[in-house]
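# Summary of the model geometry
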Amino acid sequence: MKYIVWSMALAASLACGLAGAQAQPAAPDAAAAAPSAPAAATAPAAVGGVQSQNIFQVKPDASADPKYAEQSNGERMKVQPGNNAPMWRQVGQGVTGYSSLPVTQAPEAGNLIQRFVQYPGSRVTNAGEAWRQVRNNWIIPYGGSLLLIVAGAIALFYWRKGMIMLHGAETGRKIERFTPFERSAHWANAIAFVALALSGLVMAFGKFFLLPVMGSTLFGWLTYALKNVHNFAGPLFAVSLTIVFFTFVKDNLPTKEDITWIVKGGGLLSGHEVPSHRFNAGEKVVFWAGVLGLGFIVVASGLVLDKLIPGLIYERGTMQIAHMVHAVATVVMMVMFMGHIYMGTVGMQGAYKAMRTGYVDETWAKEHHELWYDDIQAGKIPKQRSATAPAGEAAAGKPVQA
């Protein structure tokens, strides 16, 4: 390949030489004429960075010159414009060179190395290296450790306490806790969250525990597939999260009883639950901090990473900051939702059935959400909120319409 390039360069040089000979038969040697050329004294000052270069004007054997090592930066600039210390010093400092691409399409086309910054947790260095330090030295190790610690704590709690069981016997009389629309919104959001969480965990930590087992080929295919799953599940998560917020916001407004619940820790350790309305203070914290707060941050930063925000200039610095914010927020969200998922599945008897069927027994409502149960008994809240009850429920003692 090297000889082919040399041959092409030689052919082009001969062609240019023949054309020049026809126009000026007695042209002197360019190298010999350069020192005496008066135009050299009036040449414009060089602009930082590589401006342009014709590949046919660069001699492939420039480094074969016996005086190559003795060339000054100015001399080398004439022979090899991209091979001199001042130019690379400017590149390392983030100097932007000339580019014919429009700024609207390529805002950093002439900039090889980003300018120096200091992100939280990084040294003062170029932005790309600073982002790498934050990701590899903080987000990956501490984020992974936090997820493992919380998972271990939940497993330990389940081992010592087990599932929270009902103290009284079920009555057979049912109360509609979630309507079909509420359950559909919740399940759509839950499925999207699980898809995003699993794909994100593999992309972030997979090279540590999957790559050595699967090999690079299979792991590369898996991460590529999960990356696309992540990108497509993101908008579904954003839409369903918005629906979930407006669907449940009314019953998640703070009340004075929430303070008592928080002070007593919900009664999880004492075994005597603190009376609460439809959602207790712990669920409200998950709603406001997880669904609204972290949810907004995760969705907004994810839309930036997917380049779905119109009018935003997607520079490397923008994407680096969005990635760091997205990674930290998602780790905290996963930690918070791990407790929520635990309580909604194996942590509490009847909780999963409530979201699967929409109904709970009166005993469950009285023991876990006593104030909500009292409002239902007083007629403030209907037992049956959807239009009709599922077939067979009336026979079990559930009212068809309250």
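One can find the structure itself at the top, above this paragraph.
Scope of this entry: the structure provided in the associated data block. (Residues numbered from 1 in each chain as written. Predicted model: local features only at pLDDT ≥ 70, side-chain atom pairs only at ≥ 80, totals over all residues. Heavy atoms only, no water.)

### What to know about the nonpolar core
Membership of the largest hydrophobic core comes to 45 residues, with the highest contact counts inside it found for Ile175, Phe237, Met333 and Val360. Secondary structure elements with two or more residues in this core: α5 (127-161), α6 (180-209), α8 (216-248), α10 (281-305), α11 (316-344), α12 (351-357), α13 (362-368) and α14 (370-377). The contacts of Val360, once residues within four sequence positions are left out, are Arg173, Lys174, Ile175, Arg177, Ala354, Ala365 and Trp372. Tyr119, Ala127, Ala130 and Ile139 belong to the second largest nonpolar core, which has seven residues in total. (Core = buried A, V, L, I, M, F, W, Y, C linked by side-chain atoms within 4.5 Å. Buried < 20%, exposed > 50% of the residue type's maximum accessible area, 1.4 Å probe, protein only. Helix = DSSP H or I, 4+ residues; strand = E, 2+ residues; numbered from the N terminus. Contact = heavy atoms within 4.5 Å.)

### Examining the pattern of salt bridges
Where charged atoms from two side chains of opposite charge approach closely, those side chains can pair. For the structure on display, the rule yields eight salt bridges. For Glu129, the salt bridge identified is with Arg132, shortest N-O distance 2.9 Å. Here the residue Glu129 and the residue Arg132 both occupy positions in helix α5, the gap between them amounting to three residues, near one helical turn. For Arg173, the salt bridge goes to Glu362, with nearest N and O atoms at 2.9 Å. Residue Arg173 is located in the loop between α5 and β3 (174-176), and its partner Glu362 is located in helix α13; the two are separated by 189 residues in the primary sequence. A relative accessible area of 41% means that Arg173 is categorised as partly exposed. Given the relative accessible area of 4%, Glu362 is considered buried. The network of salt bridges with shared partners includes Glu182, Asp251, Arg278 and Arg385. (Salt bridge = Lys/Arg side-chain N within 4 Å of Asp/Glu carboxyl O.)

### A look at a nonpolar patch on the surface
A cluster of nonpolar residues, Tyr158, Met163, Met165 and Val346, forms a patch on the protein surface that exposes about 340 Å² of accessible area. Residue placement: Val346 occurs in the loop between α11 and α12. (Patch = residues over 30% accessible without salt bridge, like charges linked within 9 Å, V, L, I, M, F, W, Y side chains within 5 Å. Areas by Shrake-Rupley, 256 points an atom, 1.4 Å probe, with all protein chains shown as cover.)

### Thoughts on the side chain of Ser240
In this structure, Ser240 sits in helix α8. What makes Ser240 buried here is its relative accessible area of 5%. Here Phe237 takes part through its backbone oxygen, which lies 3.2 Å from a polar atom of the side chain of Ser240. Sequence-distant contacts of Ser240, defined by excluding residues within four places in its chain, comprise Ala185, Ala188 and Asn189. (Polar contact = N/O pair within 3.5 Å; in protein donor to acceptor, adjacent residues only side chain to side chain.)

### A short note on the environment of Asn84
Counting through the fold element by element, Asn84 comes out in the loop between α3 (73-79) and α4 (85-92). Every residue in contact with Asn84, bar those within four places of it in the chain, is listed here: Asn73 and Met77.

### Considering the packing of aromatic side chains
Tallying each qualifying case throughout the model produces 13 aromatic pairs. Ring centres of Tyr158 and Tyr342 lie 6.2 Å apart, and the angle between their planes is 85°; this geometry places the pair in the edge-to-face category. A residue pair is termed long-range when its members are at least 10 positions apart, and Tyr158 in helix α5 and Tyr342 in helix α11 qualify at 184 residues. Here the aromatic residues Phe245, Phe246, Phe287 and Trp288 are joined through ring pairs into a cluster of three or more. The residue whose ring lies beneath Arg177 is Trp372, and the NZ or CZ to ring-centre distance is 5.0 Å. (Phe/Tyr/Trp six-rings, centres within 6.5 Å; stacked < 30°, edge-to-face > 60°. Lys NZ or Arg CZ within 6 Å of the ring centre and 35° of its normal.)

### So, the side chain of Asp361
Take Asp361: it is sitting in strand β4 (residues 359-361). Buried within the structure, Asp361 lacks any salt-bridge partner; Lys174 is the closest side chain of opposite charge, at an N-O distance of 4.1 Å. A polar contact is formed between the side chain of Asp361 and the backbone nitrogen of Thr171, at a distance of 3.0 Å. Contact partners of Asp361, with chain neighbours within four places excluded, come to Glu170, Thr171, Gly172, Arg173 and Lys174. (Lys, Arg positive; Asp, Glu negative; His and termini not counted.)

### Quick look at unusual backbone geometry
Phi angles above zero are rare outside glycine, and Lys307 is one such case at about 60°. Among the secondary structure elements, Lys307 is positioned in the loop between α10 and α11. Lys307 sits in the exposed class, given a relative accessible area of 53%.

### Description of the packing of α6 against α8
Relative placement of two packed helices is described by the angle separating their axes and the distance separating the axes. Between α6 and α8, the least distance of the axes is 7 Å, while the angle of their chain directions is 145°. For the pair α6 and α8, the sense of crossing is left-handed. Residue composition of the contact of α6 with α8, by class: 20 nonpolar, ten polar and three charged. (Axes fitted to C-alpha atoms, helices over the stretch in contact; angles between N-to-C directions. Left-handed = near helix turned anticlockwise from the far one by under 90°. Nonpolar A, V, L, I, M, F, W, Y, C, P; charged D, E, K, R; others polar.)

### Section: the layout of surface pockets
Here the largest pocket defines a volume of roughly 1,400 Å³. Surrounding the largest pocket, 46 residues form its lining, Gly339, His340, Ile341, Met343 and Gly344 being those nearest its centre. Looking at the lining of the largest pocket, the elements that each hand over two or more residues are α5, α6, α8, α10, α11, α12 and α13. In terms of residue count, the dominant contributor to the lining of the largest pocket is α11 (ten residues). Across the lining of the largest pocket, the residue classes break down as 31 nonpolar, twelve polar and three charged. (1 Å grid on protein atoms, 1.4 Å probe; cavity = no way out; pocket = protein on both sides within 12 Å on 5 of 7 lines; lining within 4 Å. Points joined across faces, edges and corners; volume = space filled by probe spheres on them.)

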